[in-house]
Number of protein chains: 2
Amino acid sequence: MNIACVLGPQFEDSEFKKPFEAFKKAGHEVTVIGVTAGEKLQGAHGKESFTTQKSIDEARPEDFDALFIPGGNSPDKLRANDKMVKFVRRMFDMKKPILAICHGPQLLLAADRYKGYRITAWQTVQEDLQKAGADVTDEEVVVDQNIITSRKPDDIPAFIDAGLAILQQPIMKHSATVPEPGLNQ
Amino acid sequence: MNIACVLGPQFEDSEFKKPFEAFKKAGHEVTVIGVTAGEKLQGAHGKESFTTQKSIDEARPEDFDALFIPGGNSPDKLRANDKMVKFVRRMFDMKKPILAICHGPQLLLAADRYKGYRITAWQTVQEDLQKAGADVTDEEVVVDQNIITSRKPDDIPAFIDAGLAILQQPIMKHSATVPEPGLNQ
């Protein structure tokens, strides 16, 4: 699987690093996409840093099989960028697996793609989602169709397990072929 | 006026410092309240730091005439604390002036006190507020009754002007102690 990971400043160090390494170890490709390419991003706790490999301008949803959204302050920074929001919305609409932890679901909120799905998030984001009409639950990991969400660093092992399970489902590989709405208009 | 300023980690440096200094220069007292007292907080840009003067456990809404909520990552950190949210809700319900900039209105969202007021906020928070049913507008400063909101560092001068104007209204000084007219009728 080719996984797109969208990353911004002050990402939660372990919420990026641990799933990133686990997904790679399981044989998946992970491409880290930022607002710009070649930008060195620091984790919120100063423990991890990573240089973005691709800019959102270059990133095409059809090139990826799944989307991984780490938490921290990163998702709120990313959702200020329209192209980033559109990328998330398109991945969602193509029914590709989306793995979002902590503040990650802020990007689902910004993309207006959360209704009709059971989801969880960081405690303060749970409230935003609830007020926005989402079906929120407070569990370490919630899997609803192609959407996998978790709350915080403690949930990382369950998040990784659920993520690896959905990434192994071959059916998801084919969802990329759904034509883009209005492409031929 | 005794102004309560609620502050958490990674506050937006200028959104705290500039209004803080302007309010003090105009003769107001500003008490910086954190989750704990004596905690040295760093600004998100590393330009400012401030040590909290009072903990939220010690802070009594009746001791303050107004509330100032700087932006940055601080409000999202603070709204994870129930006492902080209750303090904001109580200040709101006592109709004291509330001055919130950038991510500051996240605390109004958490306190469930925003409906029926025209407000603004940082662009990503505007969306959360809209989805939660708030009456959001995109202006440098919005004054609606006792609620004053702004969007970002560029708005600071307008935010300070509107803040100082409402802090000079003597009626606000009495709102905490004087019983409402007609209470004994």
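Residues numbered from 1 in each chain as written. Chains lettered and ligands numbered in written order. Predicted model: local features only at pLDDT ≥ 70, side-chain atom pairs only at ≥ 80, totals over all residues.

Enquirer: Before we move on, can you summarise the overall build of chain A with the specific residues and values?
Expert: For chain A, the count of helices and strands is seven helices and 11 strands. Taken against the 2.2 N^0.38 rule, which gives 16 Å for 185 residues, the C-alpha radius of gyration of chain A at 15 Å falls within 12% of a compact globule. For chain A, the spread of C-alpha atoms along the principal axes amounts to about 45 × 35 × 30 Å. Taking all 185 residues of chain A together, the buried fraction comes to 51%. Considering only contacts in chain A between residues 6 or more positions apart, those separated by 24 or more positions represent 65%. (Helix = DSSP H or I, 4+ residues; strand = E, 2+ residues; numbered from the N terminus. Rg over C-alpha atoms; globule rule 2.2 N^0.38 Å. Buried ≥ 20, exposed ≤ 12 C-beta atoms within 10 Å, placed from the backbone. Contact = placed C-beta atoms within 7 Å.)

Enquirer: Describe the sheet that holds strand E1 (residues 2-6) of chain A, and please don't skip the residues or the numbers.
Expert: Residues and elements named next belong to chain A. Read from one edge to the other, the open sheet built from seven strands follows the order E5-E2-E1-E6-E7-E11-E10, with strand pairing classed as mixed. Every other strand in the sheet has two partners, leaving strand E5 (54-55) and strand E10 (141-144) as the edge strands with one partner each. When E1 meets strand E6 (residues 66-69), the two strands line up parallel, connected through three bridges. Bridge pairing in E6 links Cys5 to Phe68. Helix H6 (residues 156-167) contacts E6, strand E7 (98-101), E10 and strand E11 (147-150) of the sheet and is inclined by roughly 170° relative to E11. (Pairing = 2+ DSSP bridges. Axes fitted to C-alpha atoms, helices over the stretch in contact; angles between N-to-C directions.)

Enquirer: Explain the packing of helix H1 (residues 13-25) of chain A against H6(A) to me, using residue names and the numbers behind them.
Expert: Residues and elements named next belong to chain A. Contact geometry for H1 and H6: axes closest at 10 Å, N-to-C directions at 35°. Relative to H6, the crossing made by H1 is right-handed. In this structure, H1 contributes Ser14, Glu15, Lys18, Pro19, Ala22 and Phe23 to the contact, and H6 contributes Ile156, Phe159, Ile160, Gly163 and Leu164. Taken together, the residues of the contact of H1 with H6 break down into seven nonpolar, two polar and two charged. (Left-handed = near helix turned anticlockwise from the far one by under 90°. Nonpolar A, V, L, I, M, F, W, Y, C, P; charged D, E, K, R; others polar.)

Enquirer: I'd like to hear about the interface of chain B and chain A, residue by residue, with values.
Expert: Size of an interface, as often reported, equals the accessible area lost when the parts are brought together. Listed by partner, the interface residues are 12 residues for chain B and 12 residues for chain A. At five residues, the largest contribution of residues to the side of chain B that touches chain A is made by helix H5 (residues 123-131) of chain B. Of the residues belonging to the side of chain B that touches chain A, the class tally is four nonpolar, three polar and five charged.

Enquirer: Hey, could you go over the pairing of E10(A) for me, with residue numbers and the actual values?
Expert: All names here are of chain A. As paired strands, E10 and E11 are joined by four bridges and run antiparallel to one another. For Asp144, the partnering residue across the bridge sits in E11 and is Ile147. Connecting the antiparallel pair E10 and E11 is a turn made up of two residues, with Gln145 showing a positive phi of about 50°.

Enquirer: Please provide a residue-by-residue account of H1(A), values included.
Expert: Residues and elements named next belong to chain A. Here H1 is 13 residues long and its end C-alpha atoms lie 18 Å apart, about the 18 Å a rise of 1.5 Å per residue gives. The complete set of buried residues in H1 reads Asp13, Ser14, Glu15, Phe16, Pro19, Phe20 and Phe23. Lining the buried residues of H1 we find E1, strand E2 (29-34), strand E4 (49-51), E6, E7 and H6. Looking one or two places after H1, you find Gly27, whose phi comes out positive at around 100°. (Expected span 1.5 Å × (residues − 1).)

Enquirer: Before we move on, can you summarise the relation of the copies chain B and chain A with the specific residues and values?
Expert: Between chain B and chain A, which share one sequence, the superposing operator has a rotation angle of 180° and an axial displacement of 0.0 Å; the RMSD is 0.0 Å. Viewed as a symmetry operation, the transformation between the two copies matches a two-fold axis. Of every C-alpha in chain B, the one belonging to Ala132(B) sits nearest the axis of rotation, 2.5 Å from it. Both copies present the same face, since 100% of the interface residues in chain B are matched by interface residues at the equivalent positions in chain A. (Least-squares fit on C-alpha atoms with pLDDT ≥ 70 in both.)

Enquirer: Please give an account of the pairing of E6(A) that cites residues and values.
Expert: Residues and elements named next belong to chain A. Here E6 shows no split at all, with Ala66 and Phe68 on one side and Leu67 and Ile69 on the other all buried. Of the pairings in the sheet, the one linking E6 to E7 comprises three bridges and is parallel in character. Residue pairing in the sheet places Ile69 in a bridge with Ala100 of E7.

Enquirer: I'd like a rundown of unusual backbone geometry, residues and numbers included.
Expert: Phi at Asp112(A) takes a positive value of approximately 60°, unusual for a residue other than glycine. A residue is classified by how many C-beta atoms lie within 10 Å of it, and Asp112(A), with 14 of them, is partly exposed.

Enquirer: Before we move on, can you summarise helix H6 (residues 156-167) of chain B with the specific residues and values?
Expert: For H6(B), which comprises 12 residues, the first-to-last C-alpha distance of 16 Å matches the rise-based estimate of 16 Å (1.5 Å per residue) to within 8%. Where H6(B) is concerned, the buried positions are Ile156(B), Phe159(B), Ile160(B), Ala162(B), Gly163(B) and Leu167(B).

Enquirer: Before we move on, could you go through the environment of Ala26(A) and cite the residues and values that matter?
Expert: Residue and element names in this part refer to chain A. Examined against the element boundaries, Ala26 turns out to sit in the loop between H1 and E2. Overall, Ala26 belongs to the partly exposed group, with 13 C-beta atoms counted inside 10 Å. For the pair Ala26 and Leu164, spaced 138 residues apart in sequence, the C-alpha separation works out to 7.8 Å.

Enquirer: A description of the sheet that holds strand E7 (residues 98-101) of chain B should follow, citing residues and the corresponding values.
Expert: Residues and elements named next belong to chain B. Read from one edge of the open sheet, seven strands run E5-E2-E1-E6-E7-E11-E10, paired in mixed fashion. The open sheet terminates on both sides in strands that have one partner only, identified here as strand E5 (54-55) and strand E10 (141-144). Across two bridges, the pairing between strand E2 (residues 29-34) and E5 is parallel. From the neighbouring strand, Gly34 faces E5, where its bridge partner is Ser55. Across the sheet, helix H1 (residues 13-25) is in contact with strand E1 (2-6), E2, strand E6 (66-69) and E7; its angle to E2 comes to roughly 145°.

Enquirer: For the nonpolar core, give the residues involved together with the corresponding values.
Expert: Within the largest apolar cluster, 117 residues are counted, with the highest numbers of intra-cluster contacts made by Leu67(A), Val88(A), Leu67(B) and Val88(B). Ignoring sequence-local partners within four residues, the contact set of Leu67(A) consists of Ala4(A), Val88(A), Met91(A), Lys96(A), Ile98(A) and Leu99(A). (Core = buried A, V, L, I, M, F, W, Y, C linked by C-beta atoms within 7 Å.)

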